[in-house]
Amino acid sequence: MAHLVTLVPGDGIGPEVAEAARVVLEATRVDIEWDVQEAGAAVMEREGSPLPDRVLDSIRRSRTALKGPITTPVGTGFRSVNVALRQELDLFAAIRPSRTLPGVGGRHPDLDLVVVRENTEDLYAGIEFQMGSEATARLREMLRELRGVELAPDAGVTVKPISVTGTRRIVQFAFDFARRNGRRRVTVGHKANIMKFSDGVFLRTATAEATAYPDIELQAIQVDELAMWLAWEPETMDVILLPNLYGDIVSDLCAGLTGGLGLAPGANLGWEYAVFEPVHGSAPDIAGRGVADPVAIVLSAAMMLRHLAERDAASAVERAVVRVLAERSHVTPDLGGTASTSEMARAIAAALLPA
Ligand code: ATP
């Protein structure tokens, strides 16, 4: 039976790399029925929203989506279309693997780590108080009354909620992921010494939940120290579990350690739905030129195949990417080559065939 998958090409370089992923997936012969759903800036002009309900409805039907980047046009009422999509579908876990690939000139030949980022809480929860607003004036009064704190009159405020419930599920997710993938250690990054009541909840909940996984080591580390280790000896890291904001920053850092944004895949997962997408954004500087690196979305598609239990095809796609990167003759300009997006995609598709 065919796998029903929603394909959201997105905008900027999105449609170019999404087409590349489709070319590679078709070459795997895995039977996929695509439901293509446009979203983003052009859709905003036509339909009044960059993320129309039909896109979410399609993912609720298919349960699985492959997605390109989506820019959030100004004045849409969305802070970020990507964040809205994650919240609507309750995709509470972002998985971003960073592995050294051949021929890309990274400084760390043996890197193989995975960042697991909590996707729904923390400073991304969207609880913002604009400087000078009526709501902020009331917040100032409340803080004065409750805590004796005097907030500067010209301050804007973002609230950082982290709950036991929100943390428990991401911790379970990270440890289950570690166990399923034969990984040994989960490193939890936090700043609980400073933010006792938000990061403190994260750290305490992680420590409590980890007792159910005696086979996986829990390492708790302050996020600033984690940054130092990632610059110094990243190959010592295995699974890194982080609240939303630290996860965002650290996963881009890890993408940089292994060859840049053009190579970094990602998955946003919840208990019900899964959306696979590259870590990179819409890269307006190179959009429309056919030079975007397709590897990030192709490796995201490989993660999707594994999620659909098409493990052999997933491994075959990963091996084909490795071959094309190692040969270096069909790579895009970000990797020092001259191939176009579609030429590189066709080379990956051709490398899927037995030699
Ligand atoms: P957004 O605001 O949507 O995140 P951005 O331009 O701020 O977009 P990215 O699109 O993530 O950030 O990328 C930053 C830069 O990295 C791009 O401008 C581009 O030069 C480079 N880049 C990102 N993705 C790719 C890719 N797939 N291939 C080649 N270069 C890329």
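Owing to the predicted nature of the structure, the values given are computational and were not obtained by experimental measurement.

A. Here's a closer look at the packing of helix H6 (residues 164-180) against helix H7 (residues 199-210). In the contact formed by H6 and H7, the axes pass within 9 Å of each other and the chain directions differ by 45°. As far as their axial angle goes, H7 and H6 are oblique. Judged by the twist between their axes, the crossing of H6 over H7 is right-handed. Residues Val 164, Thr 167, Arg 168, Ile 170, Val 171, Gln 172 and Phe 175 of H6 lie in contact with H7, whose contacting residues are Val 201, Phe 202, Thr 205, Ala 206, Glu 209 and Ala 210. Of the residues assigned to the contact of H6 with H7, the class counts are eight nonpolar, three polar and two charged.

B. Geometry of the sheet that holds strand S12 (residues 274-276). Reading across the sheet, the ten strands line up as S2-S1-S3-S12-S11-S4-S5-S10-S8-S9 and stay open at both edges, with mixed pairing between neighbours. Taken across any chain shown, the strands that pair with only one partner, and hence form the sheet edges, are strand S2 (32-36) and strand S9 (217-222). When strand polarity is set aside, the average angle formed by the axes of neighbouring strands in this sheet is 25°. By the bridge criterion, six bridges tie strand S8 (residues 185-190) to S9 in an arrangement that is parallel. Paired with Val 186 across the two strands is Leu 218, which belongs to S9. Where helix H8 (residues 223-232) meets the sheet, it contacts strand S5 (112-118), S8, S9 and strand S10 (239-242), and its direction lies at approximately 105° from that of S9.

C. Broad picture of helix H12 (residues 341-351). Buried within H12 are the following residues: Thr 341, Met 344, Ala 345, Ala 347, Ile 348, Ala 349 and Ala 351. Buried positions along H12 lie against helix H1 (14-27), helix H10 (295-307) and helix H11 (311-327).

D. Fine view of the pattern of salt bridges. One pass over the structure, following the stated rule, counts 21 salt bridges. As a salt-bridge pair, Asp 122 and Lys 160 come within 3.7 Å of each other at their nearest N and O atoms. Residue Asp 122 is located in the loop between S5 and strand S6 (128-129), and its partner Lys 160 is located in the loop between strand S7 (157-158) and H6; the two are separated by 38 residues in the primary sequence. Residues Asp 122 and Lys 160 agree in their burial class; the two are buried. Asp 215 is the salt-bridge partner of Arg 179, the closest N and O atoms lying 2.8 Å from each other. In this pair, Arg 179 sits in helix H6 while Asp 215 sits in the loop between H7 and S9, placing the two residues 36 residues apart along the sequence. Accessibility expressed as a relative area gives 42% for Asp 215, which makes it partly exposed. Among the charged side chains, a network of salt bridges with common partners joins Arg 99, Asp 112, Arg 183 and Asp 238.

E. How the structure looks around the packing of aromatic side chains. A full pass over the atoms with the stated rule returns four aromatic pairs. Measuring from ring centre to ring centre gives 5.0 Å for Phe 92 and Trp 271, while their planes differ by 65°; the resulting arrangement is edge-to-face. Placement of Phe 92 in the loop between helix H4 (81-88) and strand S4 (93-99) and of Trp 271 in the loop between strand S11 (267-269) and S12 is noted, with a sequence separation of 179 residues between them. The exposure class assigned to Trp 271 is exposed, which follows from its relative accessible area of 56%. Judged by centre distance (5.0 Å) and plane angle (35°), the ring pair of Phe 175 and Tyr 213 falls under tilted. Highlighted residues: Phe 175 in helix H6 and Tyr 213 in the loop between H7 and S9, separated in sequence by 38 residues. Judged by its relative accessible area of 0%, Phe 175 is buried. Accessibility expressed as a relative area gives 7% for Tyr 213, which makes it buried. Ring-pair connections join several aromatic residues into one group, and the members of that group are Phe 92, Phe 173 and Trp 271.

About the cut-offs
Residues numbered from 1 in each chain as written. Predicted model: local features only at pLDDT ≥ 70, side-chain atom pairs only at ≥ 80, totals over all residues. Heavy atoms only, no water. Axes fitted to C-alpha atoms, helices over the stretch in contact; angles between N-to-C directions. Helix = DSSP H or I, 4+ residues; strand = E, 2+ residues; numbered from the N terminus. Parallel < 35°, antiparallel > 145°, perpendicular 65-115°, else oblique. Left-handed = near helix turned anticlockwise from the far one by under 90°. Contact = heavy atoms within 4.5 Å. Nonpolar A, V, L, I, M, F, W, Y, C, P; charged D, E, K, R; others polar. Pairing = 2+ DSSP bridges. Buried < 20%, exposed > 50% of the residue type's maximum accessible area, 1.4 Å probe, protein only. Salt bridge = Lys/Arg side-chain N within 4 Å of Asp/Glu carboxyl O. Phe/Tyr/Trp six-rings, centres within 6.5 Å; stacked < 30°, edge-to-face > 60°.

Purely spatial values, then, with no claim about function.
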